[in-house]
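Descriptive analysis of the structure
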Amino acid sequence: MRAIHMRLSSSFRPILLLDFVVSCSPLPRQFSIPRRLICAAANGGGRSGSIVAAPLVTEEDFHKKIDVNPPKGTRDFPPEDMRLRNWLFNHFKEVSRLYGFEEVDFPVLETEALFIRKAGEEIRDQLYCFEDRGNRRVALRLELTPSLARLVIQKGKSVSLPLKWFAVGQCWRYERMTRGRRREHYQWNMDIIGVPQVTAEAELISSIVTFFKRIGITASDVGFKVSSRKVLQELLKKYGVPEDLFGRVCIIIDKIEKIPIDEIKNELGFTGMSEDAIEQLLQVLSVKSLDDLEDILGGAGEAIADLKQLFSFAENFGYSEWIQFDASVVRGLAYYTGIVFEGFDRKGKLRAICGGGRYDRLLSTYGGDDIPACGFGFGDAVIVELLKEKDLLPELGQEVENIVCALDKDLQGAAATVATALRDKGQTVDLVLESKPLKWVFKRAARVNARRLVLVGKTEWEDGSVSVKVLSSGEQFQVKLSDLE
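Residues numbered from 1 in each chain as written. Predicted model: local features only at pLDDT ≥ 70, side-chain atom pairs only at ≥ 80, totals over all residues. Heavy atoms only, no water.

**Notes on the packing of aromatic side chains**
- Summed over the entire model, instances satisfying the criterion amount to 17 aromatic pairs.
- Aromatic ring contacts, followed pair by pair, group Phe77, Phe89, Phe92, Tyr186, Trp188, Phe211, Phe212, Phe224, Trp322, Phe376 and Phe378 into a single cluster.
- For the cation-ring pair, Lys436 lies above Trp440, with the distance from its terminal atom to the ring centre recorded as 5.0 Å. (Phe/Tyr/Trp six-rings, centres within 6.5 Å; stacked < 30°, edge-to-face > 60°. Lys NZ or Arg CZ within 6 Å of the ring centre and 35° of its normal.)

See below:
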């Protein structure tokens, strides 16, 4: 069989690699190859959007052993990993509900413009993006907040404020992988829309603290670095730095603990800041005391007032030991406008566990009316690494209440009747689907942590009964099917 195989040029680093393999014999319409496939390219010597035809796929290629590993940076979730994921997500969702939040979700595939509009053209290098068959530029979502903003604008005045929404969704970002950072991950977001007061940020941090406590993490394990974007705004104004450099400076400052300080200085220098302004700025950003910052900026600014209020609410919520002021925290995303915070592990072995803040002007980026808003994102990868570090990963074996087994192959139908009766009563049942010796059945019961074994034997079934063995105690008895609970 001959086939046409189109792929992106190998001279590019692909953001999304799509292969279309089709037969050269007459094709149904749905299998036609799109005329164009445009995908963002990086590190390239070519033009974004170029594609070339690859060699024809031969018959031999179809018989080659396929790579059974998932694509680089992604994961499979076999049952044992799925149990851990469900455990984690259940805590995310239960904490959100404890705080009165409602769950929402969005498409994994969004328009590319949703992300470009917010973060600029440079974000394209991190997008898994392509042009679909309708010539629309689309991308796998790289975070949830832009989708949230889009939905809030779409709903408009049909929803009453404040909105307290949460989501747990998969995100995709093409970037260098490190410990706790993959190219796909799941993220827990909680957002409050329509509350301008710092009480909103205070409650969001409280919800994360509640989550940590539920999974065994303490204030000696994790803390929150807190600051405000307004601190940096006031500093830049003080040193005569133009407002239009604010976004670029935020992105650079966000790298302070990630790259050498000389590189930070060089990058700030490229923005046009003077050496004196850079030195003074970095000196102030090293401040870890709110009182010291007040001495520098004075007490009249909004930044100091907001931060004082947040620390006061931390006392009221009961998590003051979890938070600390750190002027260098600005968060890299351009849309933050006020309080910002990051969760960090106190031993410094891991990257930020979570982060968030206020984004009062995000909606206007997408053509909507600005509404006060704040929220956070909490990934699934770093927290699992932290739980491993602290030896706090739960033991989550499979658990089944009943194993039902026919002692004769002619009783398989009867066993199915028993299994159905138990399932109708809300009990979990692992029905043995083949004729197996009892030794095998007992081994399986141990493997799935079954509570009891229900045996369907010929003599008992003629009487409308089954034999039940409670595996924890060894107790065994006979019971009518109608009385089986």
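On we go from here.
**Some points on the side chain of Asp191**
- Mapped onto the elements, Asp191 comes out in strand 11 (residues 184-193).
- A distance of 2.5 Å separates the side chain of Asp191 from the side chain of Tyr359, its partner in a polar contact. (Helix = DSSP H or I, 4+ residues; strand = E, 2+ residues; numbered from the N terminus. Polar contact = N/O pair within 3.5 Å; in protein donor to acceptor, adjacent residues only side chain to side chain.)

**Thoughts on the sheet that holds strand 7 (residues 109-111)**
- One open sheet holds the 3 strands; their spatial order is 7-9-8, and the pairing between them is antiparallel. Looking at strand neighbours, the two that pair on one side only are strand 7 and strand 8 (129-131), the edges of this open sheet. Taking the axes of each pair of neighbouring strands and ignoring which way they run, one obtains an average angle of 35 degrees across the sheet. (Pairing = 2+ DSSP bridges. Axes fitted to C-alpha atoms, helices over the stretch in contact; angles between N-to-C directions.)

**With respect to the sheet that holds strand 16 (residues 373-379)**
- Here we have 8 strands laid out as an open sheet, ordered 6-10-11-16-15-14-12-13, and mixed in their pairing. The open sheet is flanked by strand 6 (102-103) and strand 13 (323-325), the only strands paired with a single partner.
- Relative to strand 10 (residues 163-172), strand 6 runs parallel, the two being bridged by 2 bridges. Its bridge partner being in strand 10, Glu103 is matched across the sheet by Phe166.
- On top of the sheet, helix 4 (residues 199-214) reaches strand 10, strand 11, strand 12 (222-228), strand 13, strand 14 (339-345), strand 15 (354-358) and strand 16; it is set at about 20 degrees to strand 16, its chief contact.
- Across the sheet, helix 5 (residues 229-238) lies against strand 12 and strand 14, angled at about 40 degrees from strand 12, the strand it touches most. (Contact = heavy atoms within 4.5 Å.)

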